Amino acid sequence: MGNLLEYSGIVTKIRGMEAKLLTPEQFTEIANLGSVPEIVEYLKKNTAYADILETLVEDQIHRGNVEKVLAQSLYHDYTKIYRFCGQKQRRFMKLLMKNYEIDLINYCLRIVINHYRQPFDLNYKRAFFDRYSQISIEKLIMSRTTDELVENLKGTEYYAPLKKLRDSQNVTLYDYNLTLDLYFFTSTWREQKKILKKADLELFMRDRGSKIDLLNLKWIYRAKKYYNMKPADIYLMLIPIHYKLSTDLVKELVEAPGLEEFEAAVAKTTYSRHYNFHQNLTIEQMYVDCLHHLYTVDRRRDPYSLAAINTYLFLKEEEIKKLTTAMECVRYQLSPGETLAYVGGKTQ
């Protein structure tokens, strides 16, 4: 068991926050609503999102603004946990912060590469990033080209890999996204060994290593099923870290001539029980289900550890993704059953 005294305050705080997360029954009720304003009204009356949604006036209640408010809710929860952390846990929290930084940079890259007419609306992120991040939103919002965006990241750890890519030929948005993803996983894999010790390091390596394996499985599957990519191209997109997937098994997965052979190779992995390709689940849903199992098992085995933080933020992020998806489904008038199929939940 982890250090009870070191984590007791954090765990008590997180348990109170987790008790306010939405239940499957509440997602079923949300799926049966008829519009985004109805969902907002439901969240105000029945959930912990009430206070933050009160900041929206009536003419601001549409999906885009609601998504911004939901993101602020995640940032507020990160802040609450951070305040309860000691120095060791705060170093870990800063490691997790990189995920939010990568999302921000990817958003800005989409804006400048696609030449959106209304480029940036990042003021709702400013206070959080000014406090916890190495990235200056004030600088990013001045960017109008990819070159400017990369230069405005000078002084951050993301500048070097992006500058190297920018100086290449025929660089696409996909190339930038892939470079950031690969940098994120390889850099955090190295840094975890510097900032974590013993049980916490073992736990985080298991969680991060399994996530890397699962992402590589997902990317190989999608590359084969939807894009018919050649093995040489698939290798370029994989995270170069093998946790429970041996080099030989990765080779077998990548070079499988068809999906049937790929599925046979997946059956040899420790993740196979979560990857039943004959279920009516998308590869993304199976990926999330496997991570949910991994995080919750780790927390149950070692409740007074970094598992408490890791699991809660995962659950919160997934809840926000589900709410965003539910709003989109309701907006396009999908049936409650179809909506629940996308977000996961119980049908009535």
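Residues numbered from 1 in each chain as written. Predicted model: local features only at pLDDT ≥ 70, side-chain atom pairs only at ≥ 80, totals over all residues. Heavy atoms only, no water.

1. What about the nonpolar core?
1) Next: One finds L43, L53, Y78, I81, I309 and L313 to be the most contacted residues of the largest nonpolar core, which totals 115 residues.
2) Next: The element best represented in this core is helix α6 (residues 87-114), accounting for 13 residues. (Core = buried A, V, L, I, M, F, W, Y, C linked by side-chain atoms within 4.5 Å. Buried < 20%, exposed > 50% of the residue type's maximum accessible area, 1.4 Å probe, protein only. Helix = DSSP H or I, 4+ residues; strand = E, 2+ residues; numbered from the N terminus.)

2. Considering the pattern of salt bridges
1) Next: Applying the stated criterion across every chain, the model contains 19 salt bridges.
2) Next: Note that E202 and R206 form a salt bridge whose closest N and O atoms lie 3.9 Å from each other. Residue E202 and its partner R206 are located together in helix α12 (residues 198-225), separated by four residues, close to a single helical turn.
3) Next: The salt bridge involving D298 is made with R206; its shortest N-O contact spans 2.9 Å. Note that D298 is positioned in helix α16 (residues 283-301) and R206 in helix α12, a separation of 92 residues in sequence.
4) Next: Where salt bridges share partners, they join D147, E151, K163, R166 and D167 into one cluster. (Salt bridge = Lys/Arg side-chain N within 4 Å of Asp/Glu carboxyl O.)

3. Some points on the side chain of K316
1) Next: Residue position: K316 is located in helix α17 (residues 306-331).
2) Next: The class of K316 is buried, set by a relative accessible area of 5%.
3) Next: For K316, the contacting residues outside a window of four places in its chain are L21, Y49, S73, L74 and D77. (Contact = heavy atoms within 4.5 Å.)

4. Quick notes on a positive patch on the surface
1) Next: Judged by side-chain charge, K244, R273, R300 and R301 come together as a positively charged surface patch.
2) Next: Within the secondary structure, K244 sits in the loop between α13 (231-237) and α14 (247-254).
3) Next: By relative accessible area, which is 44% here, K244 ends up partly exposed. (Patch = residues over 30% accessible without salt bridge, like charges linked within 9 Å, V, L, I, M, F, W, Y side chains within 5 Å. Areas by Shrake-Rupley, 256 points an atom, 1.4 Å probe, with all protein chains shown as cover. Lys, Arg positive; Asp, Glu negative; His and termini not counted. Charge placed at Lys NZ, Arg CZ, Asp CG, Glu CD.)

5. Examining the packing of α17 against helix α18 (residues 336-343)
In a pair of packed helices, the angle between the axes and the distance between the axes together describe the arrangement.
1) Next: Between α17 and α18, the shortest axis-to-axis distance is 9 Å and the interhelical angle comes to 155 degrees. Taken together, the axes of α17 and α18 lie roughly antiparallel to each other. Where α17 crosses over α18, the handedness of that crossing is right-handed. Contacts from K322, T325, A326 and C329 of α17 reach α18 at T339, Y342 and V343.
2) Next: Split into classes, the residues belonging to the contact of α17 with α18 amount to four nonpolar, two polar and one charged. (Axes fitted to C-alpha atoms, helices over the stretch in contact; angles between N-to-C directions. Parallel < 35°, antiparallel > 145°, perpendicular 65-115°, else oblique. Left-handed = near helix turned anticlockwise from the far one by under 90°. Nonpolar A, V, L, I, M, F, W, Y, C, P; charged D, E, K, R; others polar.)

6. Remarks on the environment of N177
1) Next: Along the chain, N177 falls in helix α11 (residues 173-195).
2) Next: Judged by its relative accessible area of 22%, N177 is partly exposed.
3) Next: When the C-alpha positions of N177 and C290 are compared, they lie 24 Å apart, and in sequence the two are 113 residues distant.
4) Next: What N177 contacts, discounting residues up to four positions off in sequence, is N106 and L109.
5) Next: A polar side-chain atom of N177 sits 2.5 Å from a polar atom in the side chain of N106. (Polar contact = N/O pair within 3.5 Å; in protein donor to acceptor, adjacent residues only side chain to side chain.)

7. Regarding the packing of helix α1 (residues 4-18) against α17
1) Next: Packing of α1 against α17 leaves a shortest axis separation of 9 Å and a crossing angle of 20 degrees. As judged from the angle between their axes, α1 and α17 are roughly parallel. In terms of crossing hand, the pair formed by α1 and α17 is left-handed. Where α1 approaches α17, its residues Y7, I10, V11, I14, M17 and E18 are matched on the opposing element by L306, A308, I309, Y312 and L315.
2) Next: Residue composition of the contact of α1 with α17, grouped by class: ten nonpolar, no polar and one charged.

8. Here we look at helix α7 (residues 123-132)
1) Next: Buried residues of α7: K125, F128, F129 and Y132, and no others. Across the axial projection of α7, the buried residues extend over an arc of 95 degrees, all falling on one side. Away from its buried face by more than 90 degrees, α7 exposes N123, A127 and R131.
2) Next: On its buried face, α7 is in contact with α5 (63-84), α6 and α8 (137-140). (Arc of directions from axis to C-beta.)

9. Some details on unusual backbone geometry
1) Next: Backbone geometry at N228 places phi at a positive 50 degrees, although glycine is not the residue there.
2) Next: Counting through the fold element by element, N228 comes out in the loop between α12 and α13.
3) Next: Judged by its relative accessible area of 67%, N228 is exposed.

10. Section: the packing of aromatic side chains
1) Next: Applying the stated criterion across every chain yields a total of 17 aromatic pairs.
2) Next: Here F128 and Y132 contribute two aromatic rings whose centre-to-centre distance is 5.2 Å and whose plane-to-plane angle is 50 degrees, an arrangement assigned as tilted. Note that F128 and Y132 are positioned in helix α7 at a spacing of four residues, about one turn of the helix.
3) Next: Judged by its relative accessible area of 7%, F128 is buried.
4) Next: Residue Y132 is classed as buried on the basis of its relative accessible area of 11%.
5) Next: Taken together, the aromatic side chains of Y75, Y78, Y82, Y100, F128, F129 and Y132 make up a single cluster linked through ring pairs. (Phe/Tyr/Trp six-rings, centres within 6.5 Å; stacked < 30°, edge-to-face > 60°.)

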